[in-house]
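In case you want the letters, here they are:
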Amino acid sequence: MSEALAVLGSRLRAARIERNDTMDVFAQRLGVSVGTVRAMERGAPTVRVGAWLNALWVLNQLDTITHVLEPKESLLERARAQERRHRQRASRRSQ
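The following refers to the structure shown. (Residues numbered from 1 in each chain as written. Predicted model: local features only at pLDDT ≥ 70, side-chain atom pairs only at ≥ 80, totals over all residues. Heavy atoms only, no water.)

**Quick word on the overall build of the chain**
Here's step 1: Tallying secondary structure elements over the chain gives five helices and zero strands in all.
Here's step 2: Counting from the amino terminus, the chain carries its helices and strands in the arrangement α-α-α-α-α.
Here's step 3: Taking 12 Å as the expected radius of gyration for a compact globule of 95 residues, we find that the chain reaches 23 Å, considerably beyond that expectation.
Here's step 4: Expressed as lengths along the three principal axes of its C-alpha atoms, the size of the chain is roughly 80 × 25 × 20 Å.
Here's step 5: Expressed as a percentage of the 95 residues in the chain, the buried residues total 24%.
Here's step 6: For the chain, contacts bridging at least 24 residues in sequence account for 46% of all contacts bridging at least 6.
Here's step 7: Entry remark: accessible area of the chain is about 8,100 Å², with carbon and sulfur atoms responsible for 51%.
Here's step 8: Positive and negative side-chain charges of the chain, numbering 17 and 10 respectively, have mean locations separated by a distance of 8 Å. (Helix = DSSP H or I, 4+ residues; strand = E, 2+ residues; numbered from the N terminus. Rg over C-alpha atoms; globule rule 2.2 N^0.38 Å. Buried < 20%, exposed > 50% of the residue type's maximum accessible area, 1.4 Å probe, protein only. Contact = heavy atoms within 4.5 Å. Areas by Shrake-Rupley, 256 points an atom, 1.4 Å probe, with all protein chains shown as cover. Lys, Arg positive; Asp, Glu negative; His and termini not counted. Charge placed at Lys NZ, Arg CZ, Asp CG, Glu CD.)

**Quick notes on the packing of helix α2 (residues 23-30) against helix α4 (residues 49-58)**
Here's step 1: Put simply, α2 and α4 touch, their axes get as near as 9 Å, and they point 105° apart. Judged by the angle between their axes, α2 and α4 are roughly perpendicular. The segment α2 lies against α4, with Phe26, Arg29 and Leu30 engaging Asn54, Ala55 and Val58.
Here's step 2: For the contact of α2 with α4, a count of residues per class yields four nonpolar, one polar and one charged. (Axes fitted to C-alpha atoms, helices over the stretch in contact; angles between N-to-C directions. Parallel < 35°, antiparallel > 145°, perpendicular 65-115°, else oblique. Nonpolar A, V, L, I, M, F, W, Y, C, P; charged D, E, K, R; others polar.)

**Here we look at unusual backbone geometry**
Here's step 1: Positive phi, close to 65°, is recorded for asparagine 20, a residue that is not glycine.
Here's step 2: Relative to the helices and strands, asparagine 20 is located in the loop between α1 (2-18) and α2.
Here's step 3: Phi is positive for asparagine 60, close to 55°, though the residue is something other than glycine.
Here's step 4: Residue asparagine 60 is classed as exposed on the basis of its relative accessible area, which comes to 64%.

**Overview of the pattern of salt bridges**
Here's step 1: For the structure shown, the criterion picks out three salt bridges.
Here's step 2: Here the residues in one salt-bridge network are Arg19, Asp21 and Arg29, joined through shared partners. (Salt bridge = Lys/Arg side-chain N within 4 Å of Asp/Glu carboxyl O.)

So this is what it looks like as structure tokens:
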């Protein structure tokens, strides 16, 4: 988990710098302290999820998280769906 947070934090830092935002300006946009932004960029596990969601919103990246914890289709469900797509009805005979 700590490695994933560290990677996320470094990506956040890169995005902030790409926007040419100082930590102070970015913190104001997020509604958090500079210390929180610093902790986020370090990958600290103590930062609230809400702060991360605000950061994604400010960076116009909130849609990237919409599939998190989305129910996954089982292998059996996937096979049944594929079978339904490939089934064809026999044509009716004209009499």
